[in-house]
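Structural characterization, general
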Amino acid sequence: MPELEAESGTWGTARIALTICPWGRYTLVIIDEHSLRGPAAKFHITVVGALVQLRHRSMLARLAKTVEETAGSAQPVA
C-alpha cells in the first residue's frame, strides 16, 4: 500500500495511504488519512474528520471524471 506524508501548511502534516483494487468491472479506491503533526493532529476531532471526508469525496469525483474522460479517448494498444 503506497503511503505519503503530505504537508498542509499551518494545519501540519498527514499520512495518506491509498489502496486501489478491482471491484467487479469497477475499481475501488480507499483513502486512509491521519494527521501526524501540527494543530490538526492535536485536535483530530469529528469536525476535522468531516472536512477531510468532504475533501476526499471531491477528490475522488475529480479522479473518476479524469479517468472516464481519458478512457473514452484512449487508443487501443497494438
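Further up the page is the structure itself.
Notes on the structure follow. None of these values were measured; they are calculated from a predicted model. (Residues numbered from 1 in each chain as written. Predicted model: local features only at pLDDT ≥ 70, side-chain atom pairs only at ≥ 80, totals over all residues. Heavy atoms only, no water.)

1. Let's talk about helix α2 (residues 46–73)
Selection criterion: Put simply, DSSP H or I for four residues or longer makes a helix, DSSP E for two residues or longer makes a strand, and each gets a number counted from the N terminus. Given a helix with a known number of residues, its expected span is that number minus one, times 1.5 Å. Residue burial is assigned from relative accessible area. The probe radius is 1.4 Å, only protein chains are included, and a residue is buried under 20% of its type maximum, exposed over 50%, and partly exposed in between.
For α2, with 28 residues, the first-to-last C-alpha span of 41 Å sits near the 40 Å given by 1.5 Å per residue. Along α2, the positions that sit buried rather than exposed are V48, V52 and H56.

2. A look at the environment of V67
The residue V67 is located in helix α2 in this model. Judged by its relative accessible area of 48%, V67 is partly exposed.

3. Concerning the pattern of salt bridges
Here is the rule: Salt bridges, as used here, are contacts in which a Lys or Arg side-chain nitrogen is within 4 Å of a carboxyl oxygen on Asp or Glu.
Applying the stated criterion across every chain, the model contains four salt bridges. Across the pair R15 and E3 runs a salt bridge whose closest N-O atoms are separated by 3.7 Å. Remark: E3 occurs in strand β1 (residues 3–7) and R15 occurs in strand β2 (residues 13–23); sequence separation between them is twelve residues. E33 serves as the salt-bridge partner of R55, at 2.5 Å between the closest nitrogen and oxygen. Taken together, the positions of R55 in helix α2 and E33 in strand β3 (residues 26–37) put the pair 22 residues apart, joining distant regions of the chain. Salt bridges sharing partners connect three or more residues here, namely E3, R15 and D32.

4. Brief notes about a nonpolar patch on the surface
Heads up, the rule is: Two distance rules govern patches: like charges are joined within 9 Å, and nonpolar side chains (Val, Leu, Ile, Met, Phe, Trp, Tyr) within 5 Å, applied only to residues with over 30% relative accessible area and no salt bridge. Shrake-Rupley sampling with a 1.4 Å probe provides the accessible areas, and residues are treated as covered by the protein chains on show and by no other component.
There is a patch of nonpolar side chains on the surface, built from V47, L51 and L54 and spanning about 310 Å² of accessible area. You can call L54 exposed: its relative accessible area is 57%.

5. Notes on the environment of G49
Tracing the chain through its elements places G49 in helix α2. Residue G49 is classed as partly exposed on the basis of its relative accessible area of 29%.

6. Points about the pairing of β1
What counts, and what does not: DSSP bridges decide pairing: two strands pair if at least two such bridges lie between them.
Pairing of β1 with β2, which is carried by five bridges, proceeds in the antiparallel orientation. Note on β2: the bridge partner recorded for E5 is R15. Hairpin connection from β1 to β2: five residues lie between these consecutive antiparallel strands, with G9 at a positive phi of about 60°.

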